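# Structure at a glance
The primary structure of each chain is shown beneath.
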Amino acid sequence: MIYRQFQQIPLQQRFAGPRGLLAFIAGVAVIGLVLVVLPFVLLFGVIALILLSLFGRLYLKRQLSRFNSRNAANQAAPETDTQVPPFARDSFTPTPHKGRTFEHEPD
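Residues numbered from 1 in each chain as written. Predicted model: local features only at pLDDT ≥ 70, side-chain atom pairs only at ≥ 80, totals over all residues. Heavy atoms only, no water.

## So, the overall build of the chain
- Of regular secondary structure, the chain possesses four helices and zero strands.
- Counted from the first residue to the last, the chain has its helices and strands arranged as α-α-α-α.
- Considering the chain as a whole, with its 107 residues, one finds that 2% of them fall into the buried category.
- Summed over its atoms, the accessible surface of the chain is roughly 11300 Å², and 66% of this surface lies on carbon and sulfur atoms. (Helix = DSSP H or I, 4+ residues; strand = E, 2+ residues; numbered from the N terminus. Buried < 20%, exposed > 50% of the residue type's maximum accessible area, 1.4 Å probe, protein only. Areas by Shrake-Rupley, 256 points an atom, 1.4 Å probe, with all protein chains shown as cover.)

Next up, the structure:
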């Protein structure tokens, strides 16, 4: 009884006959359709990427001009002394670092 179940391959029964032929034809049709449609999908992706980068660039340019105009308006408005603490009003310019190099002498 155990020997009999290994005499036939299970896949041979599953995909034999008209059902197997239909599955094979459907698989070939799907693969063919994918290969035909793939260039159009890639072309659509490239066009979408170009349009997105173009309109994104225009949008960012508009946002930057708004930001610059707001900054210019804020710079033109005089600051009162109550808003800025006294230590922040002084301009601090750090001096360049003058470090010394020490060579390692083991003895």
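## Describing helix α3 (residues 18-76)
- Compared with the 87 Å implied by 1.5 Å per residue over 59 residues, the 84 Å span of α3 between its first and last C-alpha is a close match.
- Most pronounced at Val37, the bend in α3 amounts to some 35°, and the proline Pro39 follows within four residues. (Expected span 1.5 Å × (residues − 1). Bend = angle between axes of the 7 residues up to and from the residue.)

## Digging into a nonpolar patch on the surface
- Residues Leu43, Ile47, Leu51, Leu54, Phe55 and Leu58 make up a contiguous nonpolar surface patch of roughly 580 Å² in combined accessible area.
- Structurally, Leu58 is set in helix α3.
- For Leu58, a relative accessible area of 48% translates into the label partly exposed. (Patch = residues over 30% accessible without salt bridge, like charges linked within 9 Å, V, L, I, M, F, W, Y side chains within 5 Å. Salt bridge = Lys/Arg side-chain N within 4 Å of Asp/Glu carboxyl O.)

## Here we look at the confidence of the model for the chain
- This prediction gives the chain a mean pLDDT of 80; 70% of its residues lie at or above 70.
- Averaged pLDDT values for the elements of the chain fall to 60 in helix α4 (residues 86-89) and rise to 91 in α3. (pLDDT = per-residue confidence, 0-100.)

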